[in-house]
Amino acid sequence: MPFPQDRLRRLRATEGFRRMVRETRLSPDNLIAPFFVVEGRDERQPIGSMPGQWRLSVDHLIKDAGEVYALGVPAILLFGVPARKDETGSEAWTPDGIVPRAIRAVKDRVPDLVVITDLCVDEYTTHGHCGIVQDGRILNDETLECLQKMALSHARAGADMVAPSDMMDGRVAAIRRALDAEGFSQVPIMAYAAKFASCFYAPFREAAASSPQFGDRQSYQMDSANIREALREIELDIQEGADIVMVKPALPYLDVIHAARRAFDRPVAAYQVSGEYSMIKAAAQNGWLDERRAMLETLVSIRRAGADLILTYYAKEAARALHG
Ligand code: PBG
């Protein structure tokens, strides 16, 4: 006979009580801020599909990176938007390419900020796929070599961590091998382990100009219906040497985050992707949602599901909100 003895509302009565019994914490420490970096100087190009986000040239990137670090966010994730694309994405591993230059500049100006780089050729290829293409197929093993070269060019420039997002089989082992062979055994790998073929990446593809020019990504990214397969993907990436495993997107896959948290004793990251961000933005711009509350509620939900780390375009705003 719980009621009237049990009254759960007692501990909801004041903010003091609520703070004391809050089960899930969200801190700037949990956040990773993604940035898009372009060639040139004084470039701050608004991304139409992602209001409040920009493609930045390196001079602006170092300012914004410094700001997020000052707000307590420990890490950024860099995406390169190169001026030149080709069939194999060779610009992705040139030593003085856009991302290596960005890494050097950020490490020079904000040395304690953890710089993570996205490893994938799709922003660098004319066809926009995450690998080498032959006769309309995306080749797996040939792509691994590109990823190895890309990882090395970033590590040589001073990247603190690399994050393969391509979903080729065997990439984590291949990247680990290449890094170790060149003296970068201390550079961790955050694997986009369970990355689903999602419509929620659409705003990002405008940001990075990386829409596939034919077909779609379903032959390498995961079917959204599959959770057992997601756990296999994560397990394999761990066996291959992933230090942090990621689930992506976040909100439509909270069950996958939760299952990963329970099954594996590794840091779990979740990516609140462009579409998740832009949905909230669009609703807020229409006056339909309170943006600040929607941002914090979704981020806390992702934490509650079990993510240690959240990659989010809201990193700066959320860190600011958390400081009160
Ligand atoms: C691939 C990559 C993508 C995202 C991160 N890395 C695009 C894709 O797979 O189509 C999406 C991130 C987002 O939507 O915010 N380089």
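Residues numbered from 1 in each chain as written. Predicted model: local features only at pLDDT ≥ 70, side-chain atom pairs only at ≥ 80, totals over all residues. Heavy atoms only, no water.

## Thoughts on a negative patch on the surface
Taken together, the side chains of Asp141, Glu142, Glu145 and Asp169 define an acidic patch exposed on the protein surface. On the secondary structure map, Glu142 appears in helix 4 (residues 141–157). (Patch = residues over 30% accessible without salt bridge, like charges linked within 9 Å, V, L, I, M, F, W, Y side chains within 5 Å. Areas by Shrake-Rupley, 256 points an atom, 1.4 Å probe, with all protein chains shown as cover. Salt bridge = Lys/Arg side-chain N within 4 Å of Asp/Glu carboxyl O. Lys, Arg positive; Asp, Glu negative; His and termini not counted. Charge placed at Lys NZ, Arg CZ, Asp CG, Glu CD. Helix = DSSP H or I, 4+ residues; strand = E, 2+ residues; numbered from the N terminus.)

## Observations regarding the confidence of the model for the protein chain
For the protein chain, the average pLDDT comes to 97, and 100% of its residues sit at 70 or higher. By mean pLDDT, strand 6 (residues 132–134) is the weakest element of the protein chain at 93, and strand 12 (residues 309–312) is the strongest at 99. (pLDDT = per-residue confidence, 0-100.)

## Here's the deal with the site of the ligand
As a structural note, the neighbourhood of the ligand is formed by 18 residues, with Lys195, Arg205, Lys248, Ser274 and Tyr313 the closest of them. Lys195 is positioned with one of its side-chain polar atoms (N or O) 2.7 Å from an oxygen atom of the ligand. Between the ligand and the protein, one listed contact pairs an oxygen atom with a side-chain N or O atom of Gln221 at 2.9 Å. For the ligand, whose accessible area on its own is 410 Å², the fraction buried by protein is 100%. When grouped by side-chain class, the residues that make up the shell around the ligand number eight nonpolar, three polar and seven charged. (Near = heavy atom within 4 Å. Polar contact = N/O pair within 3.5 Å; in protein donor to acceptor, adjacent residues only side chain to side chain. Nonpolar A, V, L, I, M, F, W, Y, C, P; charged D, E, K, R; others polar.)

## Here we look at the environment of Arg104
Counting through the fold element by element, Arg104 comes out in helix 3 (residues 98–109). For the pair Arg104 and Val256, spaced 152 residues apart in the sequence, the C-alpha separation amounts to 35 Å. Contacts of Arg104, omitting those with residues within four sequence positions, involve Pro95 and Ala157. (Contact = heavy atoms within 4.5 Å.)

## Points about helix 4
Compared with an ideal rise of 1.5 Å per residue, which puts 17 residues at 24 Å, helix 4 spans 25 Å between its outermost C-alpha atoms and is within 8% of the ideal. Among the 17 residues that make up helix 4, twelve are buried, leaving the element largely enclosed by the rest of the structure. Of the positions making up helix 4, those classed as buried are Thr143, Leu144, Cys146, Leu147, Gln148, Met150, Ala151, Leu152, Ser153, His154, Ala155 and Ala157. Positive backbone phi, at 110°, marks Gly158, one or two positions downstream of helix 4. (Expected span 1.5 Å × (residues − 1). Buried < 20%, exposed > 50% of the residue type's maximum accessible area, 1.4 Å probe, protein only.)

## Digging into unusual backbone geometry
Glycine aside, residues mostly have negative phi, and peptide bonds are mostly found in the trans state. A cis amide bond, omega 10°, links Phe3 with the succeeding residue Pro4. Locating Pro4 in the fold gives a position in the segment before helix 1 (15–21). You will see that Asp135, though not glycine, has its phi angle at about 50°, which is positive. By secondary structure assignment, the location of Asp135 is in the loop between strand 6 and strand 7 (137–139).

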